[in-house]
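One letter stands for each residue in the lines below.
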Amino acid sequence: MPGDSTKSVHEAEPFDEHTGSLTTPIYETSTFGFSKAEDVPIAVADSGAKGYTYSRWDNPTVNRLEKKLAAFERGGDGAGFSSGMAAITTSIFAFLKKGTHILAIKDLYGGTYGLLHDLLPELGFSTDLVDTTDFGALERGVRKSTGIVYIESPTNPTMKLVDIAKAAKLAHANDALLLVDNTFASPINQTPLELGADVVLHSVTKYLNGHADLIAGAAVASQARAHKIKMMRREFGGTLDPLPAWLILRGMKTMAIRVRQQNANAMALAEFLSTHKKVATVHYPGLKDHPQHQLARKQMKGFGGMLSFELKGTTRDAMKFTESVKVATLAASLGGVETLVSQPYNMTHTQMSAKERASTGIPETLVRVSVGIEDVDDLIEDFRRALAAV
Ligand SMILES: Cc1ncc(COP(=O)(O)O)c(C=O)c1O
């Protein structure tokens, strides 16, 4: 099997058979013409595989990206979406039935947290969000009606891990599906389907695209489940457009080298921060003193480019740090080539009440870092200077 860099460059992107174009063409069209009326029902019934009808259903440029994502995540097929949240909401709804109970961890991306904690219960679905690092809480949370177990690992922003293989066994023993948001790890560092998960979700906005210049999402699963998700996508309509799909294909060509550089930079930055006298705690699964370091070694191929740390001091000190960095930028989002810092309590986790944030370990002095591909010495010097300004 080809390695990650070879796949990043070549997977699902043969040169164009009609023109010889080396790069994937952008099929920027809403609809597709037919010369024979009898071909219409075939294309409608087997959209994408046997012809195209309408770009909300399937599009050749988007399909190339979906095949590439499926190869990286070791799935049968993928579905491209206009955002990570479109991928998450559509995939959850694809597997919901009347009375389905959803069991999830508490540490979730804010939008997903809002969906599971507020919106779905308002629509009559029962959901439970349990302690992330206590696997017993997940086990106790399973009900007869549990149809979906939903996790993220590593979690945002405290870098907690969930044992994906164990969660898959737990879900399957109850005939439930395990859905895993793999955004933080990227498929270079972790492939949940290989660990037993049923659906992998991504905010493609992040590591997959890697250049902080568009919003997109994806789901990858077996061919049958990906088809089900695509049928729900036809209804919800959050399809990915061909132009951003093409930009993502371009961004993905450097995914393996980007992510490896981000892994190495994050490790060095985490080590620097853990020796700094103004830093109380560093959360990074690659550090030997991370409480779940052994689990990280077991299920991750690399420890990722995300870390967070708690400053000794006040909210104001953390704000001062985030506005004092010069190489890094104070901004939301993650996974791009540039280093970003943020304070989750007032940026990405405002959906949570102060009490919920406290119980999830998100103090006001927590700083999240999305480590980029800059020279690591420049990053360490930048953080050293910003910490001195605190
Ligand atoms: C872990 C995770 N999942 C999902 C999302 C949502 O993705 P999008 O912003 O592309 O809708 C985000 C966004 O930050 C995220 O961090």
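This is a predicted model, so every value here is computed, not measured.

Caption draft 1: Spatial organisation of the sheet that holds strand 10 (residues 329-330). Sheet architecture is open: 5 strands sit in the order 8-9-12-11-10, paired in mixed fashion. Single-partner strands in this sheet number two, and they are strand 8 (279-283) and strand 10. Relative to strand 11 (residues 340-342), strand 10 runs parallel, the two being bridged by 2 bridges. What sits directly across from T329, in strand 11, is L340.

Caption draft 2: How the structure looks around the nonpolar core. Counting residues in each nonpolar core, the largest one holds 104 residues, and the members touching the most others are V149, A167, A219 and L307. For this core, the element with the highest residue contribution is helix 10 (residues 255-274), accounting for 8 residues. Lining this core are residues from two domains, each supplying at least three of them: domain 1 (4-252) and domain 2 (255-389).

Caption draft 3: The sheet that holds strand 4 (residues 146-152), seen in detail. Pairing within the open sheet is mixed, and its 7 strands lie in the order 1-7-6-5-4-2-3. Each edge of the sheet is formed by a strand with only one pairing partner; in this case those strands are strand 1 (77-81) and strand 3 (126-130). Strand-to-strand twist in this sheet, taken as the mean axis angle between neighbours without regard to direction, amounts to 20°. Bridge count between strand 6 (residues 199-203) and strand 7 (residues 217-221): 5 bridges; the pairing is antiparallel. Across the sheet, the residue bridging to S203 is G217, located in strand 7. Those strands touched by helix 3 (residues 60-73) are strand 1, strand 6 and strand 7, and its axis lies near 125° from that of strand 1. Helix-sheet contacts for helix 8 (residues 223-236) involve strand 1, strand 6 and strand 7, and the interaxial angle to strand 1 is about 20°.

Caption draft 4: Region of interest: the packing of helix 10 against helix 14 (residues 376-389). It is at 10 Å that the axes of helix 10 and helix 14 come closest, and there the two elements cross at 30°. Put simply, helix 10 runs roughly parallel to helix 14. Taken as a pair, helix 10 and helix 14 cross one another with a handedness that is right-handed. Residues N265, A268, L269, F272 and L273 of helix 10 touch helix 14, and the partners they reach there are V376, L379, I380 and F383. Each residue belonging to the contact of helix 10 with helix 14 can be placed in one class, and the counts come to 8 nonpolar, 1 polar and no charged.

Caption draft 5: Spatial organisation of helix 4 (residues 84-94). The element helix 4 is extensively covered by neighbouring structure, given that 10 of its 11 residues are classed as buried. Among the residues of helix 4, G84, M85, A86, A87, I88, T89, T90, S91, I92 and A94 are the ones counted as buried.

Caption draft 6: Representation of the domain arrangement of the protein chain. Splitting the protein chain by domain gives domain 1 (4-252) and domain 2 (255-389). One C-alpha centre belongs to domain 1, the other to domain 2, and the line joining them spans 26 Å. Counting residues at the interface gives 32 residues for domain 1, matched by 36 residues for domain 2. Every element with two or more residues in the side of domain 1 that touches domain 2 is listed here: helix 1 (4-10), helix 5 (110-122) and helix 7 (164-173).

Caption draft 7: A look at helix 5. Here helix 5 contains 13 residues, and its C-alpha end-to-end distance of 17 Å stays within 8% of the 18 Å for a straight helix at 1.5 Å per residue. Within helix 5, the axis deviates most sharply at L116, by approximately 35°. Within the sequence span of helix 5, burial applies to T112, Y113, L115 and L116. In this fold, the buried residues of helix 5 make contact with helix 4, strand 2 (101-105), strand 3, strand 4 and strand 5 (177-181). Of the residues flanking the end of helix 5, it is G124, one or two places downstream, whose phi is positive at about 100°.

Quick notes on the rules
Every chain is numbered on its own, with residues counted from 1 as its sequence reads. Local features in this predicted model are restricted to residues whose pLDDT is 70 or higher, and side-chain atom pairs enter the listing and the counts only when it is 80 or higher, whereas totals over whole chains, interfaces and linings include all residues. For two strands to pair, DSSP has to find at least two bridges joining them. Under the DSSP-based scheme used, a helix requires at least four consecutive residues in state H or I and a strand at least two consecutive residues in state E, with every element numbered from the N terminus. Nonpolar cores are identified as sets of buried Ala, Val, Leu, Ile, Met, Phe, Trp, Tyr and Cys residues joined via C-beta atoms within 7 Å. Residues with at least 20 neighbouring C-beta atoms inside 10 Å of their own are called buried, those with 12 or fewer are called exposed, and the rest are partly exposed, where every C-beta is derived from the backbone. Domain boundaries shown here were taken from an automatic or database domain assignment. Axes here refer to lines fitted to C-alpha atoms; in helices the fit is confined to the stretch in contact. Angles between the N-to-C directions go from 0 to 180 degrees. Contact criterion: two residues are in contact if their C-beta atoms, reconstructed from the backbone, are within 7 Å. Convention used here: angles under 35 degrees read as roughly parallel, angles over 145 as roughly antiparallel, angles from 65 to 115 as roughly perpendicular, and any remaining angle as oblique. Throughout, a crossing is termed right-handed when the near helix is turned clockwise from the far one, and left-handed when it is turned anticlockwise from it by less than a right angle. Each residue gets one label: Ala, Val, Leu, Ile, Met, Phe, Trp, Tyr, Cys and Pro are nonpolar, Asp, Glu, Lys and Arg are charged, and the others, such as Gly, are polar. Helix span, as expected, comes to 1.5 Å for every residue beyond the first. Bend at a residue means the angle formed by two fitted axes: the first through the 7 residues ending at that position, the second through the 7 residues beginning there.

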